[in-house]
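Summary of structural features
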Amino acid sequence: MTPFTYQRPTTVADAVAAAATPGAKLIAGGTNLIDLMKESVERPTALIDIGRLPLGAIEEADGGLRIGALVPNTTVAEDERVLARYPLLASAILAGATPQLRNAASTGGNLNQRTRCYYFYDVATPCNKRTPESGCGALRGVNRIHAILGTSDMCIATHPSDMCVALAALDAVVEVEGPEGGRAIPFADYHRLPEETPQRDNNLLPGEMVTAIRLPNEDFTAHHSYLKLRDRLSYAFALVSVAATLRIEDDRIVEARVALGGVAHKPWRDREAEAALIGKIPVRTMFEGFADTLLAPAAPRGGNAFKIPLARRAIVRALTQAAAGTPQSQTNKRIA
Ligand SMILES: Cc1cc2nc3c(=O)[nH]c(=O)nc-3n(C[C@H](O)[C@H](O)[C@H](O)COP(=O)(O)OP(=O)(O)OC[C@H]3O[C@@H](n4cnc5c(N)ncnc54)[C@H](O)[C@@H]3O)c2cc1C
Ligand code: SF4
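Remember, it's a predicted structure, so these values are computed and weren't measured experimentally.

Looking only at helices and strands, the protein chain features 12 helices and 11 strands. Within the protein chain, the proportion of its 336 residues that are buried is 52%. Both charge centroids of the protein chain, one from 37 positive and one from 36 negative side chains, sit 7 Å from each other.

What follows is the structure in structure tokens.
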């Protein structure tokens, strides 16, 4: 590790001021950042420990919920209001990592965790995300875990979070605070596609930090499912995941939201494809057509071609589970 200074501000204003220093990095639970520092992928010169900021509460807000950036993932997944009103979010969180990691991992840190691309972690290989303009080891390398949608010739990394896939389907809003004040970013606009600047994972401006996530007052409790497919049943990142939510009235779909994880640089949604489900009877053939539309732009890069049929089956399965009101269990992870 390279030497760094360490600060523990107690107000958001002080944290934002400290974060504006070149080379500074925020640290919350440290479950991602410390790993990256040990591998010399991240080399901050100043660590701003935000653990003492007053961002640890889940509160009622405009009929929905506001989750502070420091609320641990376990606390969110076990909160009675989240379980009753946003079970999709609880399910997605429980699909990730391990109980010990979820206890330490924070809401803001989960959003801002970095890709699990092997080349990103290996400083002996080229990687445009780690070192801009150095090349991409994955493009012609081992790329079975990489993205099939929204890629560029600069980067084909995926965003690794499970929680964010559910937040995308729930149309969450990210509250941030920065040197110019506070603003709210719709979840779909928070993370970025790689394009020409894969070193930027999100649309935070310099010095900005996440302070909370807002969940709108909506009801997707009856019909939802978070389905995660991975190499092992637990303690593995998603090859493909699906957060499926439906609102069904008189046997017809009146609203549909489907977000995919493990397939792109950000949780992937296609609102036009979702709109085409409205007014339809929720049957398998329709879900298959929807999956085909969603995956039509998919562009495999060799080793990850298997993700297209895998994602197709996962989308159909998750929507079938959601429609039937039988969501995927995260305690018995076997898929029937
Ligand atoms: C072995 C292992 C397995 C895992 N498996 C999964 C999995 O299956 N699914 C999954 O989703 N995740 C998984 N994770 C990732 C885990 O969820 C993240 O490491 C965790 O959520 C990060 O939260 P943290 O508070 O520890 O963040 P930190 O490590 O403290 O920070 C991570 C990044 O976020 C930034 N940051 C932190 N807080 C803020 C803020 N408020 N505003 C702006 N930036 C901020 C930091 O500067 C840093 O860049 C796994 C991790 C490990 C180590
Ligand atoms: S896919 Fe992205 S993160 Fe992975 S090596 Fe290429 S540029 Fe780096």
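Having seen it, we continue.
What follows deals with the site of ligand 1. Close contacts around ligand 1 come from 33 residues, with Leu26, Gly30, Thr31, Ser106 and Asp162 the closest. Note that an oxygen atom of ligand 1 is positioned 2.5 Å from one of the backbone N or O atoms of Leu26. Gly29 has a polar backbone atom sitting 2.9 Å from an oxygen atom of ligand 1. Coverage of ligand 1 by the protein chains reaches 94% of its 980 Å² of free accessible surface. At the level of secondary structure, the elements contributing two or more residues to the shell around ligand 1 comprise strand E2 (24-27), helix H2 (33-38), helix H7 (107-112) and strand E8 (209-215).

By the secondary structure assignment, Phe290 is in helix H11 (residues 284-295). Put simply, Phe290 and Pro3 are 287 residues apart on the chain and 51 Å apart in space, counted from C-alpha to C-alpha. In this structure Phe290 touches Val258, Ala273, Glu274, Leu277, Ile315 and Leu319, once residues within four positions along its chain are discounted.

At a minimum axis separation of 9 Å, H11 and helix H12 (residues 307-324) run at an interaxial angle of 140°. Relative to H12, the element H11 is oriented oblique. Note that H11 runs across H12; the crossing there is right-handed. Counted together, Arg284, Phe287, Glu288, Phe290, Ala291, Asp292, Leu294 and Leu295 of H11 and Ile308, Ala311, Arg312, Ile315, Val316, Leu319, Thr320 and Ala323 of H12 form the full contact between these two elements. Residue classes in the contact of H11 with H12 are distributed as 11 nonpolar, 1 polar and 4 charged.

The next thing to look at is the packing of aromatic side chains. Tallying each qualifying case throughout the model produces 2 aromatic pairs. Consider the rings of Tyr118 and Tyr119, whose centres lie 6.1 Å apart with planes at 65°: the pair is edge-to-face. Pairing Phe120 with Tyr121 gives two aromatic rings, centres 6.0 Å apart and planes at 80°, and the pair type is edge-to-face. Neither residue differs from the other here; Phe120 and Tyr121 are each classed as buried. Positioned above the aromatic ring of Phe220 is the side chain of Arg247, whose terminal nitrogen or guanidinium carbon lies 4.4 Å from the ring centre.

On to unusual backbone geometry. At Asp171, a position not held by glycine, the phi torsion is positive, near 55°. Within the secondary structure, Asp171 sits in the loop between helix H9 (163-169) and strand E6 (173-178). Judged by relative accessible area, which is 23%, Asp171 ranks as partly exposed. Look at Asp251: it is not a glycine, yet its phi comes out positive at around 65°. Along the polypeptide, Asp251 turns up in the loop between strand E10 (240-249) and strand E11 (252-261).

Calculation notes
Residues numbered from 1 in each chain as written. Chains lettered and ligands numbered in written order. Predicted model: local features only at pLDDT ≥ 70, side-chain atom pairs only at ≥ 80, totals over all residues. Heavy atoms only, no water. Helix = DSSP H or I, 4+ residues; strand = E, 2+ residues; numbered from the N terminus. Buried < 20%, exposed > 50% of the residue type's maximum accessible area, 1.4 Å probe, protein only. Lys, Arg positive; Asp, Glu negative; His and termini not counted. Charge placed at Lys NZ, Arg CZ, Asp CG, Glu CD. Near = heavy atom within 4 Å. Polar contact = N/O pair within 3.5 Å; in protein donor to acceptor, adjacent residues only side chain to side chain. Areas by Shrake-Rupley, 256 points an atom, 1.4 Å probe, with all protein chains shown as cover. Contact = heavy atoms within 4.5 Å. Axes fitted to C-alpha atoms, helices over the stretch in contact; angles between N-to-C directions. Parallel < 35°, antiparallel > 145°, perpendicular 65-115°, else oblique. Left-handed = near helix turned anticlockwise from the far one by under 90°. Nonpolar A, V, L, I, M, F, W, Y, C, P; charged D, E, K, R; others polar. Phe/Tyr/Trp six-rings, centres within 6.5 Å; stacked < 30°, edge-to-face > 60°. Lys NZ or Arg CZ within 6 Å of the ring centre and 35° of its normal.

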